[in-house]
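Each chain, letter by letter, is given below.
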Amino acid sequence: LHFPGLDVAELDFHVNDYSILSEVYGIRIDGIIGYSFFRRYVVQVNFDDQHIAVYSPGSFTYPPRGTFLKPYFTTIPITQHSIADQTTADANFFFDTGAGLCLMLADQFVKDSSFFNRRKKVVATQVEGLIGKISMNLSVIRQVKIGNARFRKVHVHIYKDSINLFSYPSLAGLIGGDLLRRFNLIIHYPERTIHLTPNSHFTDPFDYSYTGMSLYFINGKVEVAEVQPNSPAESAGFLSGDIIFGIENNFSNNIQQYKQLLQQTGQKLRIIVFRNNIPRLLELKVASIKR
């Protein structure tokens, strides 16, 4: 594996189909660099300047501000965090910067504890990853604590863990990238430590928007996939297979820009779609997962 200034020999590797990730992000994903590489180094992830630095093992000078975590390292670090909703719980989570969400909980953890306030608004949604498309429930919990930092009103995905991904009760779920990107990270694999420093994204607002439809970039077009029943997208008349031509005055055909426009909670958006090659104008009011 060759990087500018760094060659890594004798790596084990897996061959996989990453087309679903390419469709989600709108750029070609050729592979994932994971534990076999990172475990050899001290890895610095700077979300402010979008830069990853890799250092040989040894003594390391950390930034003056920040917090240390003492994870248990398997192929993915496991860290303990305090989460609060109806009650407070201390639980173990995968520390997963690659997960495009804040927090995922195993549904069995939610069922077995009094942690979750069941009177909260819960909606059906879908997320995508290496194991394909997964249906989940989406809601908001009162607080998540990471190191010394507390985040309030955090959106949470509740996952029916039929494949025992979390080996519950060993793990309650995972902490994902939408929380972890709010820190610059130093992951010291040889010393088994993680250092967190709040960055410029620390106070970014959370995304509470809900449309109930999934978008994919397929064959050069932004396509609507699943439409959840009783969702804003269904009420607006969207169907699976619709091609997004433009949202308001944006005709960029850029899936990331379209997804950002769909995060405007409470806004009524005019969206042009092509269905069976015929243009249609639909109006979608973006809902919120908060009450």
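Scope of this entry: the structure provided in the associated data block. This one's a predicted model, so the numbers in the text were calculated from it and none came from an experiment.

What follows concerns the side chain of His155. Of note, His155 is situated in strand β12 (residues 149-159). Polar contacts involving the side chain of His155 include one to the side chain of Asp178, which spans 3.4 Å. Among all residues touching His155, those that are not within four sequence positions of it are Cys102, Leu103, Leu138, Ser139, Val140, Asp178, Phe206, Asp207 and Ile289.

How two aromatic rings sit relative to each other is given by the distance of their centres and the angle of their planes. Counting across every chain of the model gives 17 aromatic pairs. Summarising the aromatic geometry, the rings of Phe37 and Tyr41 are spaced 5.2 Å apart at their centres and angled 45° between planes, so their arrangement reads as tilted. Residue class for Phe37 comes out buried when judged on its relative accessible area of 4%. Ring centres of Phe73 and Tyr189 lie 5.0 Å apart, and the angle between their planes is 50°; on these two criteria the pair is classed as tilted. Of this pair, Phe73 sits in strand β6 (residues 72-73) while Tyr189 is found in the loop between β14 (183-188) and β15 (193-198), placing the two residues 116 residues apart along the sequence. Among the residues examined, Phe73 registers a relative accessible area of 8% and is labelled buried.

So, on to the sheet that holds strand β17 (residues 213-218). Here five strands make up an open sheet; going across it, the order is β17-β18-β19-β20-β21 and the pairing antiparallel. Sheet topology places β17 and β21 (278-285) at the edges, where each strand pairs with a single neighbour. Geometrically, the sheet is characterised by an average inter-axis angle of 40° between neighbouring strands, direction not taken into account. As paired strands, strand β20 (residues 268-275) and β21 are joined by eight bridges and run antiparallel to one another. Bridge pairing in β21 links Ile272 to Leu281.

Take the pattern of salt bridges next. By the definition in use, this model includes eight salt bridges. Salt-bridge contacts for Asp178 lead to Arg182; the nearest nitrogen and oxygen are separated by 3.8 Å. When sorted by exposure, Asp178 lands in the same class as Arg182, which is buried. With a shortest N-O distance of 3.2 Å, Glu248 and Arg270 are connected by a salt bridge. One end of the pair, Glu248, is in the loop between β19 (243-247) and α6 (255-261); the other, Arg270, is in strand β20, and 22 residues separate them in sequence. Residue classification places Arg270 among the partly exposed residues on the basis of a relative accessible area of 42%.

Consider a sheet: its strands pair through backbone hydrogen bonds, and that pairing is either parallel or antiparallel. Here we have five strands laid out as an open sheet, ordered β4-β3-β14-β15-β5, and antiparallel in their pairing. Two strands close off the open sheet at either side, each with one partner strand: β4 (51-55) and β5 (67-69). Mean inter-strand twist for the sheet, computed between neighbouring axes without regard to direction, equals 15°. Where strand β3 (residues 42-46) lies against β14, four bridges are found, and the strand directions are antiparallel.

In this structure, Gln126 sits in strand β10 (residues 123-129). Among the polar contacts made by the side chain of Gln126, one reaches the side chain of Tyr216 at a distance of 2.8 Å. A polar atom in the side chain of Gln126 sits 3.1 Å from the side chain of Glu226. Those residues in contact with Gln126 that sit more than four places away from it in its chain are Lys133, Ile134, Ser135, Ser214, Tyr216, Glu226 and Gln228.

How each quantity is defined
Residues numbered from 1 in each chain as written. Predicted model: local features only at pLDDT ≥ 70, side-chain atom pairs only at ≥ 80, totals over all residues. Heavy atoms only, no water. Helix = DSSP H or I, 4+ residues; strand = E, 2+ residues; numbered from the N terminus. Polar contact = N/O pair within 3.5 Å; in protein donor to acceptor, adjacent residues only side chain to side chain. Contact = heavy atoms within 4.5 Å. Phe/Tyr/Trp six-rings, centres within 6.5 Å; stacked < 30°, edge-to-face > 60°. Buried < 20%, exposed > 50% of the residue type's maximum accessible area, 1.4 Å probe, protein only. Pairing = 2+ DSSP bridges. Axes fitted to C-alpha atoms, helices over the stretch in contact; angles between N-to-C directions. Salt bridge = Lys/Arg side-chain N within 4 Å of Asp/Glu carboxyl O.

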